[in-house]
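The chain contents come next:
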Amino acid sequence: MACSTLSISGQAQTAVGSGKELFERRCGGCHALDRDKEGPRLGGVYGRDAASVASFEYSAALKKSKLKWTEETLDKWLIDPEKLVPDNDMTFHVESMDERRAIISYLKQKAGK
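The paragraphs below set out a description of the structure included in this document. (Residues numbered from 1 in each chain as written. Predicted model: local features only at pLDDT ≥ 70, side-chain atom pairs only at ≥ 80, totals over all residues. Heavy atoms only, no water.)

1. Re the environment of P86
Point 1. Within the fold, P86 resides in the loop between α4 (81-84) and α5 (97-110).
Point 2. Remark: the alpha-carbon pair of P86 and A61, spanning 25 residues in sequence, is separated by 6.9 Å. (Helix = DSSP H or I, 4+ residues; strand = E, 2+ residues; numbered from the N terminus.)

2. A short note on unusual backbone geometry
Point 1. Within the chain, A51 stands out as a residue other than glycine whose phi angle is a positive 60 degrees.
Point 2. By the element assignment, A51 lies in the loop between α1 (19-27) and α2 (60-64).
Point 3. If you check the backbone angles, K66 has positive phi at about 60 degrees while not being a glycine.
Point 4. As for its placement among the helices and strands, K66 is situated in the loop between α2 and α3 (71-79).

3. Quick notes on the packing of aromatic side chains
Point 1. According to the stated counting rule, one finds three aromatic pairs in the structure shown.
Point 2. Each ring, one from F23 and one from Y106, has its centre 5.7 Å from the other, and the planes form 45 degrees; the classification is tilted. Of this pair, F23 sits in helix α1 while Y106 sits in helix α5; the two residues are 83 residues apart in sequence, bridging distant segments of the chain. Here F23 and Y106 have matching classes, each one buried. (Phe/Tyr/Trp six-rings, centres within 6.5 Å; stacked < 30°, edge-to-face > 60°. Buried < 20%, exposed > 50% of the residue type's maximum accessible area, 1.4 Å probe, protein only.)

The values reported here are purely geometric and, on their own, carry no functional implication.
Structure follows, in structure tokens:
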């Protein structure tokens, strides 16, 4: 069981690391908050429709998915993107529930939600 504490900055931090640290370590190779990389920018992703960043070329499958990025859909996506949206272009997944929660919490905070 992971314990949560509140750091001086006010961000929740788990035993697995802060959401920001996890995002940078686990997602940062392909994603940034403020610019497209190999994957689309993820700043403001929480609450946004999937495949809606005009500057990024998404898979046809994700464009047709009609998903909105919520805690539930982001969690399912990070568990198994292929199961949620077959034939999408993302193969990476996050097995740890605690890491997924921290990353999603960070993305939610960055979206001002």
